[in-house]
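Chain residues, written in single-letter form:
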Amino acid sequence: MIRVAQVMGYMNGGGVEQVVMNYYRHIDRTKVQFDLIVCEGSGMVPRDEVESLGGRVFMVPSYGRLSRYMWELERLFREEQWPIVHSHINALSVFPLSAAKRAGVPVRIAHSHSSSGGGEGEAARDALKSILRRFSTIYPTHRFACGERAGRWLFGRAPFDVIPNAVDLSEFRPDTQDGLTMRAELGIPGEAFVIGHIGRMAPAKNHRRLLGVFASLLGLEPHALLVLAGEGALMGEVRAEAACLGVAERVLILGQRQDAARLYRLFDVFCMPSVYEGFPVVAVECQASGTPILSSTAVSEEVAVTPLMEFEPLEADNETWARHLLEMRGRSLAEGEMEGLTSFGIDTAAGRLSDKYLSLVRDAVPGEEGSL
């Protein structure tokens, strides 16, 4: 059995954390175990679940204090002697992987979960990413990405393996009755046209644009209701923008939720006007739940694994987006149109990842299984 150090950065309930935990829950833990390395100040660290599965959680200083962060990581890597360090912090992976190289870690994986930058208010962060991307192929021994666009964005022409953002397809499935039950639980009238969104309230998710689209939609469909799930630094701004647009009474903000599968069934259409994404797991979950989803073209078309997902450019005006949402109302899949989701089943994907880890260790340390 090998242990893999998963470098997570901050854990606040985002999509990357969901992907890693999905794999951990379904991987053969008699062969592969995960240890999570998490920055202090994280808001949602699943320590109890990780430990119940046989893993460990290591808290390290924030990478905002870079010298302390690097010192602590190198100390951990030397002390724990993980055969694999798998970093999920995109362009910032240069830092933990350089520490891992100095500590002699034989297998060092950089994983790209993002496809670009450009979010409002993120100019400084985007400039840093642009610089760090130049070093993205120096320290890893192997490169993973959630999709083709994300891999090309971080690694350029260097080869990489696509590791899908897989989900438990048995959990995310159509269920009309559960959707009606959710409406009753939340006090949503049966005639409401429910537009939904699940995601942290951060610039990349573009909540301001979402609210603008919704305001236009209300002019076309007065029974429309916007349901937002998630938290984040922009929560106050989202509430203020809803009030400014005069739509606050038609916006339901749920905060952080643990029942995404049920929420997808509640929504008539999922709206995702993201400025950038990697391969958003919410898009796979949404389609698996049988819910139509309208996304910005900033999201790669490779996410559209069923006809339920359609795209609109961010350059299109709010009314165009609103009319597109109305056109998707009542959309469903015919028999056989769910087949594109089969490659995103977590059981199959977790087995492939386990085999990949084991083969990487065997190749790096011939004759050894890397047991720790």
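For clarity, every value in this text was computed on a predicted model and none was experimentally measured. (Residues numbered from 1 in each chain as written. Predicted model: local features only at pLDDT ≥ 70, side-chain atom pairs only at ≥ 80, totals over all residues. Heavy atoms only, no water.)

**What to know about the packing of helix α8 (residues 207-220) against helix α12 (residues 318-327)**
Helix packing for two helices is described by the angle between their axes and how far apart those axes are.
And step 1. Relative to each other, α8 and α12 sit at 65 degrees, their axes nearing to 8 Å. Our classification of the angle between α8 and α12 gives roughly perpendicular. As α8 packs across α12, the resulting crossing turns out to be right-handed. Of α12, the residues touching α8 (which contributes R209, G212, V213, S216, L217 and L220) are N318, E319, W321, A322, R323, L325 and L326.
And step 2. Its residues assigned to classes, the contact of α8 with α12 comprises seven nonpolar, three polar and three charged. (Axes fitted to C-alpha atoms, helices over the stretch in contact; angles between N-to-C directions. Helix = DSSP H or I, 4+ residues; strand = E, 2+ residues; numbered from the N terminus. Parallel < 35°, antiparallel > 145°, perpendicular 65-115°, else oblique. Left-handed = near helix turned anticlockwise from the far one by under 90°. Contact = heavy atoms within 4.5 Å. Nonpolar A, V, L, I, M, F, W, Y, C, P; charged D, E, K, R; others polar.)

**Some details on a nonpolar patch on the surface**
And step 1. A cluster of nonpolar side chains, namely I131, F135 and I138, defines an oily patch on the protein surface of about 250 Å² accessible area.
And step 2. Mapped onto the elements of the fold, I138 is located in the loop between α5 (123-132) and β6 (142-145).
And step 3. What makes I138 partly exposed here is its relative accessible area of 41%. (Patch = residues over 30% accessible without salt bridge, like charges linked within 9 Å, V, L, I, M, F, W, Y side chains within 5 Å. Areas by Shrake-Rupley, 256 points an atom, 1.4 Å probe, with all protein chains shown as cover. Salt bridge = Lys/Arg side-chain N within 4 Å of Asp/Glu carboxyl O. Buried < 20%, exposed > 50% of the residue type's maximum accessible area, 1.4 Å probe, protein only.)

**What to know about the packing of aromatic side chains**
And step 1. With the rule as written, the count across this model stands at eleven aromatic pairs.
And step 2. With a centroid separation of 6.2 Å and an interplanar angle of 40 degrees, the aromatic rings of F155 and F160 are classed as tilted.
And step 3. Relative accessible area serves as the criterion here: at 5%, F155 is assigned to the buried category.
And step 4. By relative accessible area, F160 is classed as buried at 14%.
And step 5. Through a chain of ring-to-ring contacts, the aromatic side chains of F172, Y264, F267 and F270 assemble into a single cluster. (Phe/Tyr/Trp six-rings, centres within 6.5 Å; stacked < 30°, edge-to-face > 60°.)

**Some words on the pairing of strand β8 (residues 193-198)**
And step 1. Counting buried positions over the six residues of β8 gives six, a clear majority of the element.
And step 2. Side chains of β8 alternate between two faces, with F193, I195 and H197 and V194, G196 and I198 buried alike.
And step 3. With six bridges joining them, β8 and strand β9 (residues 224-229) adopt parallel strand pairing. The residue of β9 that forms the bridge with F193 is A224.
And step 4. The parallel pair β8 and β9, bridged by α8, forms a crossover whose chirality is right-handed. (Pairing = 2+ DSSP bridges. Right-handed = clockwise from strand over helix to strand, strands pointing away.)

**Quick notes on the nonpolar core**
And step 1. Core analysis: the biggest nonpolar cluster contains 66 residues, and Y23, F34, L36, F267, F270 and Y357 have the highest contact counts within it.
And step 2. It is helix α13 (residues 346-364) that contributes the most residues to this core, eight residues altogether.
And step 3. With sequence-adjacent residues up to four places away left out, L36 is seen in contact with Q6, M8, M11, M21, V50, R56, V57 and F58.
And step 4. If you look at the next biggest cluster of nonpolar residues, it comprises 31 residues, including F58, F77, I89 and A103. (Core = buried A, V, L, I, M, F, W, Y, C linked by side-chain atoms within 4.5 Å.)

**Things to note about the pattern of salt bridges**
And step 1. Summed over all chains, the structure comprises 21 salt bridges.
And step 2. With a closest N to O distance of 2.7 Å, R56 and D35 form a salt bridge. Here the residue R56 occupies a position in strand β3 (residues 56-60), and D35 occupies one in strand β2 (residues 32-39), the gap between them amounting to 21 residues.
And step 3. Between D178 and R265 there is a salt bridge whose closest N-O contact spans 2.9 Å. With D178 in helix α7 (residues 176-186) and R265 in helix α10 (residues 260-266), this residue pair connects regions lying 87 residues apart in the sequence. Both residues of the pair, D178 and R265, count as buried.
And step 4. Among the charged side chains, a network of salt bridges with common partners joins R3, D35, R56 and E80.

**Thoughts on the sheet that holds strand β7 (residues 161-162)**
And step 1. Strand order across the open sheet formed by seven strands is β3-β2-β1-β4-β5-β6-β7, with parallel pairing between neighbours. Strands at the two margins of the open sheet, each flanked by one partner only, are β3 and β7.
And step 2. The sheet contact formed by strand β5 (residues 107-112) and β6 spans four bridges and is parallel. Bridge pairing in β6 links H111 to F144.

**Some points on unusual backbone geometry**
And step 1. The phi dihedral of N90 is positive, around 55 degrees, even though this residue is not glycine.
And step 2. Structurally, N90 is set in the loop between β4 (84-87) and α4 (94-102).
And step 3. The residue N206 is not glycine, and still its phi comes out positive at about 65 degrees.
And step 4. Of note, N206 is situated in the loop between β8 and α8.
And step 5. What makes N206 buried here is its relative accessible area of 15%.

In short, geometric facts, not functional conclusions.
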